[in-house]
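Examination of the molecular architecture
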There are 2 protein chains.
Amino acid sequence: MTDLAIAGRATLQPITAIAAAAGIDDEALELYGKYKAKVDVFRTKESPATLGKIVLVTAMSPTPAGEGKSTTTVGLGDALALEGQKVVIALREPSLGPIFGIKGGAAGGGYAQVLPMEDINMHFTGDFHAITSAHNLLAALLDNHIHQGNTLNIDPRRIQFRRVLDMNDRALRNVVIGLGGPTEGVPRESGFDITVASEVMAIFCLATSIDDLRERLSKITVAYTYDRTPVTAGDLNAQGAMTLLLKDALKPNLVQTIQGTPAFVHGGPFANIAHGCNSILATNTAREYADIVVTEAGFGADLGAEKFLNIKARFAGFSPDAAVIVATIRALKMHGGVPKPDLGQSNDQAIRDGFSNLRRHIANIRKFGIEPIVAINRFTTDTDSELEIVQELVRGEGAEVAVAKMWAEGGEGGRDLARKVISAAQQPNNFHQLYELDLSVEEKIETIVKEIYGGSGVDFSAAAKKRLKEIADNGWDKMPVCMAKTQYSFSDDATKLGAPTDFTVSIRDLQVRTGAGFIVAITGAIMTMPGLPKEPAALRMDVAEDGKAIGLF
Amino acid sequence: MTDLAIAGRATLQPITAIAAAAGIDDEALELYGKYKAKVDVFRTKESPATLGKIVLVTAMSPTPAGEGKSTTTVGLGDALALEGQKVVIALREPSLGPIFGIKGGAAGGGYAQVLPMEDINMHFTGDFHAITSAHNLLAALLDNHIHQGNTLNIDPRRIQFRRVLDMNDRALRNVVIGLGGPTEGVPRESGFDITVASEVMAIFCLATSIDDLRERLSKITVAYTYDRTPVTAGDLNAQGAMTLLLKDALKPNLVQTIQGTPAFVHGGPFANIAHGCNSILATNTAREYADIVVTEAGFGADLGAEKFLNIKARFAGFSPDAAVIVATIRALKMHGGVPKPDLGQSNDQAIRDGFSNLRRHIANIRKFGIEPIVAINRFTTDTDSELEIVQELVRGEGAEVAVAKMWAEGGEGGRDLARKVISAAQQPNNFHQLYELDLSVEEKIETIVKEIYGGSGVDFSAAAKKRLKEIADNGWDKMPVCMAKTQYSFSDDATKLGAPTDFTVSIRDLQVRTGAGFIVAITGAIMTMPGLPKEPAALRMDVAEDGKAIGLF
């Protein structure tokens with residue numbers, strides 16, 4: 001059965017009932033249909049005496065198909081609820097664009113999904129549309145400023161702020177705008193990114209209040225003057241209208257899992273040029289209503305968990321209480337050198353060899369002072385002996401491990417994992433960030449490369465070196481670093497599987513995100529506007545007689 | 001007090017109460033917060049034995065500030081309710097883009113507004129975002145088709161389908177896309193229009209069902225092949241995914257007036273290159289729940305009413321029961337030759353001279369077999385004697401007239417008008433379209449120019465003549481005509497005020513809208529992507545401490 005079919009068979013509770021059970025005041029609920037609601041977190045209310053514990057779900061370096069991190073996050077939430085915990089899940093919203101290309105969505109899978117998945121994967125409550133509008137308003141104000149006399153002396157050749165659309169649209173990657181003569185704007189090169197790559201999206205996910213949102217928006221560096229002075233959204237006075245466009249979107253969206261566990265699905269920044277986590281407001285709100293919050297971070301732990309811990313947790317001021325690393329037999333075999341077509345075949349030695357990858361991720365999480373738990377996301381093709389080998393290897397590292405069957409069984413399939421997570425979250429930990437902000441940008445990058453990736457050093461390109469100077473000159477070097485690197489390897493070479501050593505990481509370029517508050521370090525070619533494939537998934541989509549979606553998954 | 005301040009003081013009823021009072025089944029209601037809801041019109045339900053009567057609100061040729069058509073529509077609805085009628089209002093949704101430029105919104109004004117005006121003027125229920133997505137998905141599929149091998153043999157120089165954004169963004173009017181080399185698409189000229197100018201918007205407003213929507217979307221002509229064969233959205237197989245993106249948006253949005261009268265605010269196509277009316281589905285749904293429906297059409301009666309009657313009513317298969325022509329002392333003076341700075345000064349002769357404009361609009365509405373009622377939208381500066389002159393002149397034409405004070409007094413200020421409308425709607429009328437579809441495109445245009453505009457004939461440019469041949473060759477000549485003309489004059493010259501005669505109308509170009517189902521006849525320069533002014537309204541906007549909008553109006 002497809003995810004859509006399973007989702008279609010589920011019986012949803014009214015979201016008002018889900019909210020009531022979670023203790024969310026009816027007055028704070030803004031319904032979007034019967035099964036979705038925004039929670040007005042900006043109303044004055046008393047905070048609870050204790051906030052819920054945070055469980056981060058991350059993964060080993062994945063195969064291109066992904067290892068089921070969202071499925072594990074949702075299923076673990078359901079399992080914790082079955083174990084009697086008061087739990088709320090916090091997830092990212094899926095991007096609309098890629099749905100029309102190849103992939104499905106990011107709302108979990110099988111019997112561990114958030115619902116209504118059809119809505120969540122389409123317009124949902126309109127958050128990404130609001131972000132698109134706010135982003136493009138700033139772009140329009142910028143070009144209008146230049147057209148109307150350019151009193152800020154902006155150099156049209158040095159504008160770094162592009163436009164966005166939530167669409168996979170290759171033809172918009174590189175464009176020339178402002179053509180047509182003196183009444184039609186000022187011609188210049190530019191381009192469009194997909195909305196999830198917008199700095200406004202990253203800000204949306206890092207803002208802790210409306211005031212913090214406005215402040216961060218005003219700090220976006222959009223361009224440079226002819227004498228190389230940075231120009232911000234605040235210089236254009238765009239932050240007020242942008243905040244107005246975002247004020248409702250900023251309220252976290254409440255939905256439910258198939259099992260009826262409450263889940264906030266809110267925000268969805270890229271995990272490469274941004275930090276790849278749901279909004280801080282969603283995580284914080286979840287903590288107000290739960291004893292335990294399960295949340296995820298994009299890609300493998302070298303990227304997602306590193307950024308969750310060094311960027312999101314730092315800005316939010318919270319510390320995670322447990323971390324789950326999702327592993328699969330398939331990914332272990334791949335890291336053990338098995339080519340893709342043979343991943344379905346039994347190969348114990350490859351699993352043992354590929355464990356080097358998982359081992360390094362375990363060690364990495366420990367470097368943040370957290371004791372990780374490994375969740376083996378079981379596939380129907382996995383044998384008992386394969387699962388036994390992995391469990392034994394994990395135990396050999398002194399870590400807890402559980403086999404998770406949430407895709408097939410929902411929360412019931414994750415009860416062993418849930419018990420281990422509860423136990424771990426009750427232990428005090430020694431959480432700390434990996435680096436202090438007063439290190440130089442070079443030192444921060446070097447720390448991540450050596451401590452997390454296992455590399456021997458960092459090479460900076462000539463362009464990157466120029467940027468480093470600019471960053472220091474402008475006093476931007478006290479921000480954390482957001483690494484944009486392949487998710488398939490610890491190194492910057494996607495083909496180096498397992499746990500590579502003796503490699504250097506090449507920083508091709510650096511981008512400054514003064515609004516979001518981080519420096520993006522770019523190692524390879526980063527795609528910020530995907531294209532559609534030869535046979536787009538869109539061509540199979542339609543609306544059925546009964547009004548339901550066809551071809552979504 | 002500003003419109004925003006008046007709106008902010010109003011006490012809203014829960015939209016569930018408004019719906020219940022209107023007889024709308026709770027099960028059909030999809031809430032968007034407490035004060036907005038979509039009505040699921042696609043659920044099977046019994047239609048009432050009789051459908052509500054339709055009152056069209058239109059206007060004389062307006063001043064640049066507008067004559068209060070939306071205010072009159074809303075206020076008349078309220079007044080009809082006070083007169084004991086079961087009434088539902090149907091209005092267009094305002095466009096987001098222009099709000100950041102100069103203008104406010106289109107949700108009425110003063111004490112005749114629909115609420116929550118802040119939401120209605122921002123993202124509302126996301127309809128325009130869904131239309132933007134559906135439109136741009138088609139554009140992305142088109143460029144992807146060409147990039148992936150172009151089996152349809154599309155000539156990239158002959159693509160007429162552009163992209164859209166709901167933003168005033170001058171710099172996107174003329175762009176070159178697909179730059180950057182062989183992996184980045186096929187370079188070609190293109191551009192962006194504002195979302196309200198999208199053919200998808202026009203289709204959205206003319207569709208009578210999901211199936212009709214899909215069928216119309218599939219008929220959009222996007223391009224031509226190298227041998228000049230039209231290529232449609234259906235050839236690209238885009239209509240299913242586009243329908244999926246629009247299926248929820250297509251449900252009409254229910255809100256309320258300050259007085260608590262139910263109003264559907266749904267769809268908002270341009271009144272120049274499109275037909276400028278709210279959706280047929282909203283009007284039809286309103287008729288199911290009301291004895292009398294008040295709705296409006298964009299611009300003056302030569303444009304809005306002509307298109308409402310010849311295009312919308314024809315496609316919907318309904319006939320209006322009454323028509324109200326909104327007039328103002330200010331506009332009459334302007335048509336009587338008074339320059340803008342002097343419009344506040346008393347000038348009886350100018351009113352008498354300017355009446356020629358209103359007189360022609362009265363005669364025009366009668367050509368459709370409907371007896372119009374004139375509503376004088378009273379401004380505080382209007383004197384009693386001025387109002388008396390106009391009433392006398394209108395009565396001299398044998399038409400009913402009422403002074404309307406809804407901006408200042410709400411429904412109470414429109415009771416005289418309401419009584420006259422009730423009386424008129426009870427009379428049988430002789431409604432008929434002005435032309436039959438089997439006339440040639442030239443004949444249809446000539447009919448409108450001679451019968452409605454009072455012109456002596458039509459000139460077609462060389463380009464328009466070429467288009468006429470292409471239209472006939474492709475069998476597209478049986479569609480109605482949608483005139484794109486200045487709203488300030490009956491002629492195609494905005495400076496010819498009053499009731500000009502002995503003029504010809506020049507058709508510069510024709511555009512084919514095979515999905516919407518009309519031919520656009522373009523008389524002058526038509527702006528399909530507005531720009532921002534030197535001091536955009538956006539710069540004054542923000543969110544207040546209490547979460548409310550600042551600077552919206």
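Residues numbered from 1 in each chain as written. Chains lettered and ligands numbered in written order. Predicted model: local features only at pLDDT ≥ 70, side-chain atom pairs only at ≥ 80, totals over all residues. Heavy atoms only, no water.

On to the overall build of chain A, then. When you go through chain A residue by residue, the secondary structure sums to 18 helices and 26 strands. Expected size for 553 residues packed as a compact globule is a radius of gyration near 24 Å; at 23 Å, chain A falls within 12% of this value. Structurally, chain A occupies a C-alpha span of about 70 × 55 × 50 Å along its principal axes. Each of the 553 residues in chain A was classed as buried or not, and the buried ones make up 65%. Taking as baseline every contact in chain A between residues at least 6 positions apart, the subset at least 24 positions apart corresponds to 74%. When the accessible surface of chain A is summed, it comes to about 18,500 Å², and 48% of that surface belongs to carbon and sulfur atoms. Within chain A, one finds 56 positive and 66 negative side-chain charges whose respective centroids are separated by 2 Å. (Helix = DSSP H or I, 4+ residues; strand = E, 2+ residues; numbered from the N terminus. Rg over C-alpha atoms; globule rule 2.2 N^0.38 Å. Buried < 20%, exposed > 50% of the residue type's maximum accessible area, 1.4 Å probe, protein only. Contact = heavy atoms within 4.5 Å. Areas by Shrake-Rupley, 256 points an atom, 1.4 Å probe, with all protein chains shown as cover. Lys, Arg positive; Asp, Glu negative; His and termini not counted. Charge placed at Lys NZ, Arg CZ, Asp CG, Glu CD.)

All right, on to the packing of helix H7 (residues 199-206) of chain A against helix H8 (residues 210-218) of chain A then. Residue and element names in this part refer to chain A. For the pair H7 and H8, the least separation of the axes is 9 Å and the interaxial angle reads 150°. Our classification of the angle between H7 and H8 gives roughly antiparallel. Considering the relative orientation of H7 and H8, their crossing is right-handed. Each of Val200, Ile203, Phe204 and Leu206 in H7 lies in contact with H8, whose residues at this interface are Asp212, Leu213, Arg216 and Leu217. Taken together, the residues that form the contact of H7 with H8 break down as six nonpolar, no polar and two charged. (Axes fitted to C-alpha atoms, helices over the stretch in contact; angles between N-to-C directions. Parallel < 35°, antiparallel > 145°, perpendicular 65-115°, else oblique. Left-handed = near helix turned anticlockwise from the far one by under 90°. Nonpolar A, V, L, I, M, F, W, Y, C, P; charged D, E, K, R; others polar.)

It is worth spelling out the interface of chain B and chain A at this point. Taken residue by residue, the interface counts 67 residues in chain B and 67 residues in chain A. Around 5,700 Å² of area is buried between chain B and chain A when both sides are counted, 60% of it from carbon and sulfur atoms. Contact with chain A buries area across many residues of chain B, yet B:Arg170, B:Leu244 and B:Val543 alone supply 10% of it, more than any other trio. A salt bridge links B:Glu184 to A:Arg173, with the nearest nitrogen and oxygen atoms 3.0 Å apart. At the boundary of chain B with chain A, the tally comes to 43 residue pairs in polar contact (both at pLDDT 80 or more). For the side of chain B that touches chain A, the leading source of residues is helix H6 (residues 127-147) of chain B, giving 10 residues. Its residues assigned to classes, the side of chain B that touches chain A shows 34 nonpolar, 18 polar and 15 charged. (Buried area = accessible area lost by both parts, 1.4 Å probe. Salt bridge = Lys/Arg side-chain N within 4 Å of Asp/Glu carboxyl O. Polar contact = N/O pair within 3.5 Å; in protein donor to acceptor, adjacent residues only side chain to side chain.)

Okay, helix H7 (residues 199-206) of chain B next. Residues and elements named next belong to chain B. Taking burial as the measure, the eight residues of H7 include eight buried ones, the bulk of the element. Within H7 the residues assigned to the buried category are Glu199, Val200, Met201, Ala202, Ile203, Phe204, Cys205 and Leu206. Where H7 begins, one side-chain oxygen reaches toward the backbone nitrogen of Val200, 2.9 Å away; that side chain belongs to Ser198.

Here we come to the UniProt feature "binding site: ATP" (unreviewed entry) in chain A. Residue and element names in this part refer to chain A. UniProt marks Thr63, Pro64, Ala65, Gly66, Glu67, Gly68, Lys69 and Ser70 with the feature "binding site: ATP" (unreviewed entry), using the numbering shown here. Pro64 sits in the exposed class, given a relative accessible area of 57%. With sequence-adjacent residues up to four places away left out, Pro64 is seen in contact with Met334 and Tyr488. Position of Lys69 among the secondary structure elements: in helix H3 (residues 69-82). Excluding residues within four positions of it along the chain, Lys69 makes contact with Val57, Thr58, Ala59, Glu296, Ala297, Gly298, Phe299 and Val326. (UniProt positions renumbered as here; feature names shortened; annotations may be inferred.)

When chain B is brought onto chain A, the operation consists of a screw motion whose angular component is 180° and whose axial shift is 0.0 Å, with 0.0 Å RMSD remaining. Read as a symmetry element, the transformation amounts to a two-fold axis. Proximity to the rotation axis, assessed at the C-alpha, singles out B:Tyr32 in chain B; its C-alpha lies 2.2 Å from the axis. (Least-squares fit on C-alpha atoms with pLDDT ≥ 70 in both.)

Residues and elements named next belong to chain A. Once the domains are mapped, chain A shows domain 1 (3-126 + 249-426), domain 2 (127-246) and domain 3 (441-523). Here domain 2 and domain 3 have C-alpha centroids that lie 25 Å from each other. Facing the 11 residues of domain 2 at the interface are 11 residues of domain 3. Buried area between domain 2 and domain 3, both sides added, is near 830 Å², and the carbon and sulfur share of it is 45%. Three residues stand out in domain 2 for area buried against domain 3, namely Gln160, Glu199 and Tyr224, and they jointly supply 43% of the buried area on that side. Along the contact surface separating domain 2 from domain 3 lie zero salt bridges. For the interface between domain 2 and domain 3, the tally reads eight residue pairs in polar contact (both at pLDDT 80 or more). (Domains from an automatic or database assignment.)

Counting 218 residues, the largest nonpolar core has A:Phe100, A:Ile220, B:Phe100, B:Ile220, B:Leu358, B:Ile445 and B:Ile507 as its most contacted members. When sequence neighbours within four positions are dropped, the list of residues in contact with B:Ile507 reads B:Ile445, B:Val458, B:Asp459, B:Phe460, B:Ser461, B:Ala464, B:Met483, B:Ala521, B:Ile522 and B:Thr523. (Core = buried A, V, L, I, M, F, W, Y, C linked by side-chain atoms within 4.5 Å.)

For the rest of this paragraph, the subject is the side chain of A:Asn272. Note on placement: A:Asn272 falls in the loop between strand S15 (262-265) and helix H10 (280-289). For A:Asn272, the contacting residues outside a window of four places in its chain are A:Phe299, A:Lys307, A:Cys482, A:Met483, A:Ala484 and A:Ile526.

A few words on the packing of helix H6 (residues 127-147) of chain A against H7(A). Residues and elements named next belong to chain A. Viewed as axis vectors pointing N to C, H6 and H7 meet at an angle of 125°, and their least axial separation amounts to 9 Å. Classed by the angle they form, the pair H6 and H7 counts as oblique. Two packed elements cross with a definite hand, and for H6 against H7 that hand is right-handed. Residues Asp127, Phe128, Ile131, Ala134 and His135 of H6 form the contact with H7, whose participating residues are Val200, Met201 and Phe204.

Residue and element names in this part refer to chain B. Extensive coverage of strand S16 (residues 292-296) is indicated by the burial of five of its five residues. Across five bridges, the pairing between strand S3 (residues 53-59) and S16 is parallel. Bridge pairing links Ile54 to Val293 in S16. Summarising the sheet, strand S4 (residues 87-91) and S16 pair through four bridges and their orientation is parallel. Each bridged residue has a counterpart across the sheet, and for Ala90 the counterpart in S16 is Thr295. (Pairing = 2+ DSSP bridges.)

So, about the sheet that holds strand S21 (residues 481-484) of chain B. All names here are of chain B. Spatially, S21-S24-S23 is the arrangement adopted by the three strands of the open sheet, whose pairing is mixed. Two strands in the sheet have a free side with no partner beyond their single neighbour: S21 and strand S23 (509-513). For this sheet, the mean angle separating the axes of adjacent strands, direction not counted, is 25°. Alignment of S21 against strand S24 (residues 518-522), held across four bridges, turns out to be parallel. Within the sheet, the bridge partner assigned to Val481 lies in S24 and is Ile519. Contacts from helix H11 (residues 304-316) reach S21 and S24, with the element oriented near 160° to S21. On the sheet, helix H17 (residues 441-453) packs against S21, S23 and S24 and is oriented at approximately 55° with respect to S21.

What follows covers helix H11 (residues 304-316) of chain A. Residues and elements named next belong to chain A. Counting buried residues along H11, 11 of its 13 residues qualify, which places the element largely inside the surrounding structure. Buried within H11 we find Gly304, Ala305, Glu306, Lys307, Phe308, Leu309, Asn310, Ile311, Lys312, Ala313 and Arg314. Of the residues trailing H11, Gly317 is marked for its positive phi of about 75°.

Residues and elements named next belong to chain B. Read from one edge of the open sheet, three strands run S7-S12-S13, paired in antiparallel fashion. Lying at the two open borders of the sheet, with one neighbouring strand each, are strand S7 (154-159) and strand S13 (230-232). Direction aside, neighbouring strands of the sheet carry axes that sit 50° apart on average. In this sheet, strand S12 (residues 221-225) lies alongside S7 in antiparallel orientation, the contact comprising two bridges. By the bridge assignment, Ile154 is partnered in S12 with Thr225. Of the strands in this sheet, S7 and S12 touch H6, which is tilted by about 135° from S7.

Residues in a regular strand project their side chains so that they alternate between the two faces of the sheet. Residues and elements named next belong to chain A. Within strand S23 (residues 509-513), four of the five residues are buried, which leaves it mostly tucked inside the rest of the structure. Relative to strand S24 (residues 518-522), S23 is paired through five bridges, and the arrangement is antiparallel. The residue bridging Arg513 from the neighbouring strand is Phe518, located in S24. Taking the residues between adjacent antiparallel strands as the criterion, S23 and S24 are bridged by four residues, where Gly517 takes a positive phi near 95°.

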